[in-house]
Amino acid sequence: MPDSLPAPAPTMDGVVAAYRNYVSGQLDTLTGQALSLKASIGNNSLEVARRQWLDAQMTWQRVGAAYGSFGDLGSAINGLPSGLPKGSADPGFTGLHRLEYGLFHGQGPAELAAVASKLYADVVELHGKLPTMELAGSDMPLRCHEILEDSLRDNLSGNNDQGSGMALALTSADLDGTRVVLALMRTLVDTLSPGYTAKVTATLDRLGNALARTQDQGTWPAWRTLPLAARQPVTGALGAALESLAYVPALFSTDD
Amino acid sequence: MTSNPTTPPRPGRRSFLIGAGSGAAVTALAATAANAAIHSSPSATPASATAPAVPFHGATQAGVYRPADQQRQACFASFRVLATTKAELKTLLQVLTAQGVKLSTGVRAADPVPAESLPAIAGGPPQNSGVLGEDVPPDSFTMTVGLAASVFDNPAFGLAGKKPKGLTEMTVFPNDTPDPAWTGGDLLLQLCADSTDMVHYALREITKATRGLLALSWKINGFHSAPRPAGTPRNLFGYKDGIANPAQDEQLVWITQGSGQPDWAVGGTFIVVRLIRMLVEFWDRVGLGEQDGMIGRHRVSGAPLGAVKETDVPDYANDPDGQNIPLDAHIRMANPRTKATDASRLLRRGYNYDLGVDLNGNMQAGLIFASFQRDIKAQFEATQLRLVNEPMTDYIEPFGGGYFIGLPGVTAANGFLGEGLFA
């Protein structure tokens, strides 16, 4: 969880610059996490590695990399087996979810050491390229609602789950990322529609509370083990948040 | 995340006006979408002269006796209420009311949109899904809302004192196999119209307008077949179903003053929904004589056995040993047509459903049984108990549904469903 939300930027260029700075900080964190993960897998400390994977995956979610924003490197870091000829056994399946798959399907250093090394290298490379990477201002309003749309479409659907069942944890990190992007755009949004940030924030707070109530002494339950009645407050709050976030891109749109 | 290595990054969806300070593309109105939804006008004219509109407003809800001809398509949707306070529950019922009015009336795209119905931010997602094109016809649409006992039992709403007498969870009868995924819920919507896309459209509009207040728990769509060749439509056993329904003036359906129910419920009705799978492959391997005997009617005409027309009244008094109509025939057990059982009759308004395939490749099809009555125990349950071991039991599997109090109708232009709960 980010310690505090960043200050709003006065222009969209400023938002992009501040976002780039934020991502850089997250990638700093992720670099360290990927290195630890690599070491744990190399030492066959798989229980530790499973916890470290979740920390790393949540850091990536907080980046808010919706919309394939980081291109091939983003896919290498956070790709999925869907669409690959050999699915989860495909050599093109790499990165965080590949580690999740292995760590929750009885694999160990033999299968995962190289994957972990590549993940570390990919994160370092992305971090290195970040300062010159093109980040479009027009993506920022879309990112503001796409991050949580992805939570619903990919995480809470179970589609992304490679065995950990940690959709709630990932959604919680997605919420963090959304809050950061919204905070950066607060001045712009509220200039275009006074008070709208507060309205959206109220729905995000409700989602945050619904997520927190699923936790058992600080640990996240596996999403699929929760009965429908326990999932509904989360998906209901998420749905309400998405309905209000859907108007953020409209504020910046030139066509209607 | 959009992260599949084989998927190229999506191109931008829109062109953007970047930067602050320009309000040109923005019309910021005070109302939020949800607030706007509450205030839609109840007096608008129908969108099309050819598609009939069923009035939403009335002392009783539509979708029971109104319209007189049962619509061809329906969706029965059961929701968990996510509202956490009485005020939120009230908002939910206000939004539902506004949706019911709007969908019943239809919308002409060319008509000016009242300012309060505009979303707070222009240029966002379209006003509706477009599934029905630009003009939304009324299409005989009705929305009927029911609340389950759980709403009255929820201490957050403070409605324990307003709970209707006899509103319980659905009784499990001896041959029922209730599936939790298809049973219960806090709030029922019965959505009926004459076309499938209208029913789909309506549910989609309503769920969007109530996001965060309602969570869909189960839903099932049904169809009311065309008359084959005439008269009452047939169910999936091939029999005319719903021939003998009480008329409104027989006063078996609506809760009235003196019913012993809370005042707020006058004009309401109890709704029973039962999802009844019909083992159609098994049924189709049974001889016609045996089928007729189980039902008590001729399949071809719908007439009671030994009679000619479907509207002929079975004469049990002159058939005490079941020579004509077996004593355990469905129609005879359900409605023995005696003085003692006369008050246990109820209004049936069921729909056939056709879902998919079971584990073994059999069709998952049957009946969405929906009945309306002023007293569940004295009417539906009394009838159901008479039917417990009818021969037809072998061919059906009740697996879901629920009991609900159908709310009274809305008469005032600014009124809303369930208003009496908040008085």
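Right above here is the structure, for reference.
Residues numbered from 1 in each chain as written. Chains lettered and ligands numbered in written order. Predicted model: local features only at pLDDT ≥ 70, side-chain atom pairs only at ≥ 80, totals over all residues. Heavy atoms only, no water.

**A word on the overall build of chain B**
At step 1: The helix and strand inventory of chain B stands at eight helices and nine strands.
At step 2: By residue count, 51% of the 423 residues in chain B fall in the buried class.
At step 3: When the accessible surface of chain B is totalled, it reaches about 18300 Å², and 55% of it is carbon and sulfur. (Helix = DSSP H or I, 4+ residues; strand = E, 2+ residues; numbered from the N terminus. Buried < 20%, exposed > 50% of the residue type's maximum accessible area, 1.4 Å probe, protein only. Areas by Shrake-Rupley, 256 points an atom, 1.4 Å probe, with all protein chains shown as cover.)

**Examining the packing of aromatic side chains**
At step 1: According to the stated counting rule, one finds 18 aromatic pairs over all chains in the structure shown.
At step 2: Between W60 of chain A and F70 of chain A, the aromatic rings sit 6.0 Å apart at their centres with planes inclined by 65°, giving edge-to-face as the arrangement. Linking W60 of chain A in helix 2 (residues 46-63) with F70 of chain A in the loop between helix 2 and helix 3 (71-78), this pair joins segments that are ten residues apart in sequence.
At step 3: Each ring, one from W182 of chain B and one from F399 of chain B, has its centre 5.8 Å from the other, and the planes form 85°; the classification is edge-to-face. You can see W182 of chain B sitting in the loop between helix 3 (149-153) and strand 3 (187-193) and its partner F399 of chain B sitting in strand 9 (residues 396-406), a full 217 residues away along the chain.
At step 4: Among the residues examined, F399 of chain B registers a relative accessible area of 10% and is labelled buried.
At step 5: Here a set of aromatic residues connected by ring pairs shows up, and it is made of F237, Y239, F282, W283 and Y395 of chain B.
At step 6: Sitting above the plane of the W223 of chain A ring, R231 of chain A keeps its charged end 6.0 Å from the centroid. (Phe/Tyr/Trp six-rings, centres within 6.5 Å; stacked < 30°, edge-to-face > 60°. Lys NZ or Arg CZ within 6 Å of the ring centre and 35° of its normal.)

**Some words on the packing of helix 2 of chain A against helix 7 (residues 167-184) of chain A**
Residue and element names in this part refer to chain A.
At step 1: For the pair helix 2 and helix 7, interaxial distance at closest approach is 7 Å and the crossing angle is 35°. With respect to the hand of their crossing, helix 2 and helix 7 are arranged in right-handed fashion. Contacts between helix 2 and helix 7 involve L54, Q57, M58, Q61 and R62 on the former and, on the latter, A169, L170, S172, A173, D174, D176 and G177.
At step 2: Residues belonging to the contact of helix 2 with helix 7 are distributed by class as follows: five nonpolar, four polar and three charged. (Axes fitted to C-alpha atoms, helices over the stretch in contact; angles between N-to-C directions. Left-handed = near helix turned anticlockwise from the far one by under 90°. Contact = heavy atoms within 4.5 Å. Nonpolar A, V, L, I, M, F, W, Y, C, P; charged D, E, K, R; others polar.)

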